[in-house]
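Coordinate inspection notes
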Amino acid sequence: MNSEQAVFINGRAQVIEMLQYMEDEDRNTLLKNIRIRNPILANELLEKSLVFENIGKLSDHEIRLVINYVQPTIMGVALKNVNQDLQRRVLGLAQRAFAEKAYEIMIKSIGNEMTHIRKAQNKILETMVALNKKKQINLK
């Protein structure tokens, strides 16, 4: 038997994971430096490193744009188990009927909760990425 084992290093995956935990200033600097040499890679890294909580970094106007493209049930599920301040901010920016429906879903108990939350958050992230590509919001 061969005692040596090959180690596969996925550089992109490691950079994406690093970007998720970096401070905003450092993250933006790194992405800016990558963008100089490879803008497509920089955009890919930005998109894949997004987490749902990044919605809180958007302006009020940008959050309203995202809300326009999301169903209240999806938003309600996505907001489960996130910071209460973020929940209040997002729901406060939505129209009353939307916010009430999302809140109802948010406080309701559902089966396979974590799976549904992850799917809902990913759907919203996809919307954010699409709006960013159309230059309607700025993910930075």
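Everything that follows concerns the structure shown earlier in this document.
This text gives an overview of the structure that appears in the document. (Residues numbered from 1 in each chain as written. Predicted model: local features only at pLDDT ≥ 70, side-chain atom pairs only at ≥ 80, totals over all residues. Heavy atoms only, no water.)

**Some remarks on the nonpolar core**
Selection rule: Each nonpolar core is a collection of buried residues, namely Ala, Val, Leu, Ile, Met, Phe, Trp, Tyr and Cys, held together in the definition by side-chain atoms within 4.5 Å. Burial here depends on accessible area, computed with a 1.4 Å probe over protein chains only, as a share of the maximum for the residue type. Under 20% is buried, over 50% is exposed, and the range in between is partly exposed. A helix here means a DSSP run of H or I that spans at least four residues, while a strand means a run of E at least two residues long, and both kinds are numbered starting from the N terminus. By the convention used here, residues are in contact when the closest approach between their heavy atoms is within 4.5 Å.
F52, I55, V66, M75, I124 and M128 are the most contacted members of the largest nonpolar core, which totals 40 residues. Of all elements in the fold, only α1 (11-21), α2 (24-37), α3 (39-48), α4 (60-68), α5 (72-79), α6 (84-93), α7 (96-107) and α8 (113-133) reach the threshold of two or more residues within this core. Of all the elements, α8 adds the most residues to this core, at 7 residues. Residues contacting F52, with those up to four places away along its chain left out, are M75, A78, L79, V82, L86, Q121, I124 and L125.

**Considering the side chain of N54**
To be explicit about the condition: Side-chain atoms alone can form a polar contact between residues adjacent in sequence; in general such a contact is a pair of N or O atoms within 3.5 Å, and within protein one must be able to donate a hydrogen while the other accepts it.
Its place among the elements puts N54 in the loop between α3 and α4. By relative accessible area, which is 8% here, N54 ends up buried. A distance of 2.7 Å separates a polar atom in the side chain of N54 from the backbone nitrogen of V51.

**Notes on the packing of α5 against α7**
To be explicit about the condition: Axis definition: a line fitted to C-alpha atoms, limited for helices to the stretch in contact. Angles are taken between N-to-C directions and run from 0 to 180 degrees. Just so you know how the angles are binned, under 35 degrees is roughly parallel, over 145 roughly antiparallel, 65 to 115 roughly perpendicular, and the rest oblique. The hand of a helix crossing depends on one turn: near helix anticlockwise from the far one by less than a right angle means left-handed, and clockwise means right-handed. Classification convention: Asp, Glu, Lys, Arg as charged; Ala, Val, Leu, Ile, Met, Phe, Trp, Tyr, Cys, Pro as nonpolar; all other residues, Gly among them, as polar.
Where α5 contacts α7, the axes come no closer than 7 Å and their chain directions differ by 45°. When the interaxial angle is binned, α5 and α7 end up oblique. Between α5 and α7 the crossing geometry is right-handed. Counting all contacts with α5, which are made through P72, T73, M75, G76, V77 and L79, the residues of α7 involved are F98, K101, A102, I105 and M106. Across the contact of α5 with α7, the residue classes tally to 8 nonpolar, 2 polar and 1 charged.

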